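Residue-level listing of the chains:
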Amino acid sequence: MSARILIVDDEEIVIRSCRRILDGDEYLVDSAQSGQEALRKVDESDYDIVVLDIMMPGMDGLEVLQQVKEQHPGVDVIMVTGLSQIKTAVQAMKLGAFDYLPKPFDPDELKHVVERALERRRLLEENRSLKSEVDSKYRFENIIGSSPAMQGVYRLIAKCAPTNSTVLITGESGTGKEMIARAIHYNSLRKDNSFVTVDCATLSEHLLESELFGHVKGSFTGAVANKRGMFEVANNGTLFLDEFGNIPLATQAKLLRVIQEREFRAVGSTSTQQTNVRLLTATNKDLKALVADGSFREDLYYRINVFPIHSPALRDRREDIPALAFHFLKVFCNELAKPVSGISAGAMSVLMNHDWPGNVRELENTVHRAAILATDNIIRQSDLASIVSPAPAPDLDVPRTSDDLKRVKKIAREKSVEDVEKMFVLETLRRNDSNVTRSAQETGMQRSNFQALMKKYNIRVRDTELDSDETEPT
Ligand SMILES: Nc1ncnc2c1ncn2[C@@H]1O[C@H](COP(=O)(O)OP(=O)(O)OP(=O)(O)O)[C@@H](O)[C@H]1O
Ligand SMILES: [Mg+2]
């Protein structure tokens, strides 16, 4: 894309010579002969660079510079000054000019300074996009799932993120507790400072304390140098203590002290250090039960349980399964460079009916495995062998009274009709490669009626985003 440049000078001849110098495909040059005209043009168009004469009748260059920088801080301004105007040039730099060019300048000088400005713009742009890439990774828009349970979680994240409150994230393994913690940090005022995670389950008491608080050289065998603790590393940022339920009692006492006094002591040190961290904690254990059996301090429990967020199990929000499955499928297809474009109805029904003891992590691994196994472009039931479980037994109570018998018979009838209908739809779709039009034709049903059945059983063939070979007549 060509760089857009505005030349501002009251002398026509200067404008013409600049145009000659900046002639070429890489520049798009425009001009203005007064300050007012320049401001109007800057308002209307999207310039990268303004080359601005300081000495102009009417509104002078400094005034124009000031207004441009106020209203369009992203535009780079190069000032053109007379030889005797070095003082003014310095002032212009203070007002935010990119650089200045003494008149008369030769063509190379102008080209050079314009190129430098453009180069800096490119770097800034690159940094911005890198940063937004990092940011966007943990925005909570990245957490997939729109079930009511997840919407409740999003509301809580949004509420607590801007505060400094300690948050306790509970939930089974693999439900996304760490994602929630990151979302809180990256939506908080601390987002530009560090987010540090300590996994409290994998370290012995000794190593955990040195990890959290640091140690001084020689404080124990192996402490060959001073080590900064994570309370220091995360200063002004967020410290996420994962598997919080596994912390030994002695360390719990020390943590309580940090939370209360906002200061800590490195292992082997005699002096204390101040810390300003926000603490997020997560556990898949029932902390209350741990408190009851004496393995977790009650006072610490109350300190960290200020703002609890529960991360719901996947089986309690099955409606999120298709979106998650398609999301992981897309990620893996990119990774594996293997174009798996869909999930067959049968496979989706397996995914929907599985209980997911390992939650989203298990679903992620299952889709990954299936994407590798898939022989054509679709994940099929046979690619999910690892989780296929026998059909659940119908869970109907044995009736005890005649009324009960009627009720249960009615339920049983409805249920078996539903089962037959569901199998009918799923099997037809499977035979027809998930093509709804062909499925309807094969069964002799109207397409709309067939679709109504699909809707009744919440059967979706493919994510529309990934859907490439099926055009939906409307
Ligand atoms: N809602 C979600 N959307 C997208 N990916 C998710 C979601 N929830 C979890 N994941 C993915 O599932 C995996 C497990 O998530 P995470 O590590 O946050 O879970 P956890 O609750 O901390 O598990 P554990 O208790 O085992 O540490 C990660 O790869 C994460 O990216
Ligand atoms: Mg975790």
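Residues numbered from 1 in each chain as written. Chains lettered and ligands numbered in written order. Predicted model: local features only at pLDDT ≥ 70, side-chain atom pairs only at ≥ 80, totals over all residues.

Participant: Just checking my understanding: could you explain the overall build of the chain for this structure?
Facilitator: Of regular secondary structure, the chain possesses 18 helices and 16 strands. Here the chain has a C-alpha radius of gyration of 33 Å; the compact-globule value for 474 residues is 23 Å, and the former is much larger. Relative to all contacts within the chain whose residues are 6 or more apart in sequence, the contacts with residues 24 or more apart total 70%. (Helix = DSSP H or I, 4+ residues; strand = E, 2+ residues; numbered from the N terminus. Rg over C-alpha atoms; globule rule 2.2 N^0.38 Å. Contact = placed C-beta atoms within 7 Å.)

Participant: How should I be thinking about the sheet that holds strand β2 (residues 27–32) in this particular structure?
Facilitator: By way of backbone hydrogen bonds, the strands of a sheet pair with one another, either parallel or antiparallel. With parallel pairing, the five strands of this open sheet are ordered in space as β2-β1-β3-β4-β5. The open sheet has two free edges, formed respectively by β2 and β5 (99–102), since each of these has just one partner strand. Strand-to-strand twist across the sheet, computed as the mean angle between neighbouring axes with direction ignored, equals 20 degrees. Across six bridges, strand β1 (residues 3–8) lies against β2 in parallel orientation. Opposite Ala3, over in β2, you have Tyr27 as the bridge partner. (Pairing = 2+ DSSP bridges. Axes fitted to C-alpha atoms, helices over the stretch in contact; angles between N-to-C directions.)

Participant: What's the story with the site of ligand 1 in this structure? I'm lost.
Facilitator: In the vicinity of ligand 1, 17 residues are found, and the nearest of them are Ser173, Gly176, Lys177, Glu178 and Val360. Per-class residue counts for the shell around ligand 1 are five nonpolar, eight polar and four charged. (Near = placed C-beta within 6 Å. Nonpolar A, V, L, I, M, F, W, Y, C, P; charged D, E, K, R; others polar.)

Participant: Would you mind going over the environment of Ile78 with me for this structure?
Facilitator: Within the secondary structure layout, Ile78 lies in strand β4 (residues 76–81). For the pair Ile78 and Val114, spaced 36 residues apart in the sequence, the C-alpha separation amounts to 8.0 Å. In this view, Ile78 contacts Ile49, Val51, Leu52, Ala97, Phe98, Asp99, Tyr100, Leu101, Val113, Val114 and Ala117; residues no more than four positions away in its chain are not counted.

Participant: In this structure, what is going on with the domain arrangement of the chain? I would like to understand it.
Facilitator: Interface size is commonly expressed as the accessible surface area that is lost when the partners come together. Per the domain assignment, the segments making up the chain are domain 1 (3–133), domain 2 (140–312) and domain 3 (318–456). A straight line from the C-alpha centre of domain 1 to that of domain 2 covers 50 Å. (Domains from an automatic or database assignment.)

Participant: Whenever I open this one, helix α3 (residues 61–71) confuses me. Can you help?
Facilitator: Working note: α-helix, 3.6 residues per turn, so residues spaced by three or four point in the same direction. Burial in α3 covers these residues: Gly61, Val64, Leu65 and Val68. Buried positions in α3, seen along its axis, are confined to an arc of 100 degrees and lie on one side of it. What points out from α3, more than 90 degrees from its buried face, is the exposed set Glu70 and Gln71. The inward-facing, buried residues of α3 contact β1, α2 (35–44), β3 (49–53), β4 and α4 (86–94). (Buried ≥ 20, exposed ≤ 12 C-beta atoms within 10 Å, placed from the backbone. Arc of directions from axis to C-beta.)

Participant: Quick question: what am I supposed to make of helix α1 (residues 12–21) here?
Facilitator: Listed as buried for α1 are Val14, Ile15 and Cys18. With its buried residues spanning 100 degrees around the axis, α1 presents them on a single face. Exposed residues pointing more than 90 degrees away from the buried face of α1 are listed as Glu12, Ile13 and Arg20.

Participant: What should I look at first to understand the pairing of β4 in this one?
Facilitator: With six of its six residues buried, β4 lies for the most part within the structure. Side chains Asp76, Ile78 and Val80 project from β4 onto one buried face, and the interleaved Val77, Met79 and Thr81 project onto a second face that is buried too. Relative to β4, β3 is paired through five bridges, and the arrangement is parallel. Following the sheet pairing, Ile49 is matched in β4 by Asp76. When β4 meets β5, the two strands line up parallel, connected through four bridges. Within β5, the position partnered with Met79 by the bridge is Tyr100.

Participant: Would you take a moment to explain the packing of α2 against α3 for this structure?
Facilitator: Angle between the axes and distance between the axes are the two parameters that describe a pair of packed helices. Where α2 contacts α3, the two axes come as close as 10 Å, and the packing angle between them is 15 degrees. Put simply, α2 runs roughly parallel to α3. Our pair here, α2 against α3, has a crossing hand that is right-handed. From α2, Gly35, Ala38, Leu39 and Val42 reach across to α3, where they touch Glu63, Val64, Gln67 and Val68. (Parallel < 35°, antiparallel > 145°, perpendicular 65-115°, else oblique. Left-handed = near helix turned anticlockwise from the far one by under 90°.)

Participant: Just to check I follow, could you spell out the nonpolar core for this structure?
Facilitator: Within soluble globular proteins, side chains that are nonpolar tend to cluster in buried spots. Within the largest apolar cluster, 39 residues are counted, with the highest numbers of intra-cluster contacts made by Ile169, Ile180, Ile184, Phe231 and Leu239. No other element matches the five residues that helix α7 (residues 177–186) contributes to this core. Apart from the residues lying within four places of it in its own chain, the contact partners of Ile180 are Val153, Ile157, Ile169, Ile309 and Ser311. (Core = buried A, V, L, I, M, F, W, Y, C linked by C-beta atoms within 7 Å.)

Participant: For this particular structure, what's the right way to read the confidence of the model for the chain?
Facilitator: Any region with low pLDDT has predicted coordinates that should not be read closely. On average, residues of the chain score 86 in pLDDT, and 92% of them are at 70 or above. Considering only residues more than four positions removed or in separate chains, one finds that residues 389–395, a stretch of pLDDT under 50, has two contacts. Every residue in residues 463–474 scores below 50 in pLDDT, and together they form eight contacts with partners more than four places removed in sequence or on other chains. (pLDDT = per-residue confidence, 0-100.)

Participant: Would you explain the sheet that holds strand β7 (residues 195–199) in this entry?
Facilitator: The five strands lie next to each other as β7-β10-β13-β6-β14, forming an open sheet whose pairing is parallel. Two strands lie at the open edges of the sheet, namely β7 and β14 (307–310), each paired on one side alone. For this sheet, the mean angle separating the axes of adjacent strands, direction not counted, is 20 degrees. Relative to β14, strand β6 (residues 167–170) runs parallel, the two being bridged by four bridges. Its bridge partner lying in β14, Thr170 is registered against His310.

Participant: How do you make sense of the packing of helix α6 (residues 148–160) against α7 when you look at a structure like this?
Facilitator: Running from N to C, α6 and α7 cross one another at 35 degrees; their axes reach a closest spacing of 9 Å. Two packed elements cross with a definite hand, and for α6 against α7 that hand is right-handed. For the pair formed by α6 and α7, the contact residues are Val153, Ile157 and Cys160 on the first element and Ile180, Ala183 and Ile184 on the second. Split by residue class, the contact of α6 with α7 holds six nonpolar, no polar and no charged.

Participant: I'm lost on unusual backbone geometry in this one. Help?
Facilitator: Where the residue is not glycine, phi is negative for most of them; where a peptide bond is considered, it is trans in most cases. The omega angle of the peptide bond from Lys103 to Pro104 is -5 degrees, so this bond is cis rather than trans. Looking at where Pro104 falls in the secondary structure, it is placed in the loop between β5 and α5 (107–138). Unusually for a residue other than glycine, Asn359 sits at a positive phi of about 55 degrees.

Participant: I tried to follow the environment of Asp419 on my own but got confused; where do I start?
Facilitator: Mapped onto the elements, Asp419 comes out in helix α16 (residues 402–431). Asp419 sits in the exposed class, given 12 other C-beta atoms within 10 Å. Along the primary structure Asp419 and Ile54 are separated by 365 residues, whereas in three dimensions their C-alpha atoms are 82 Å apart.

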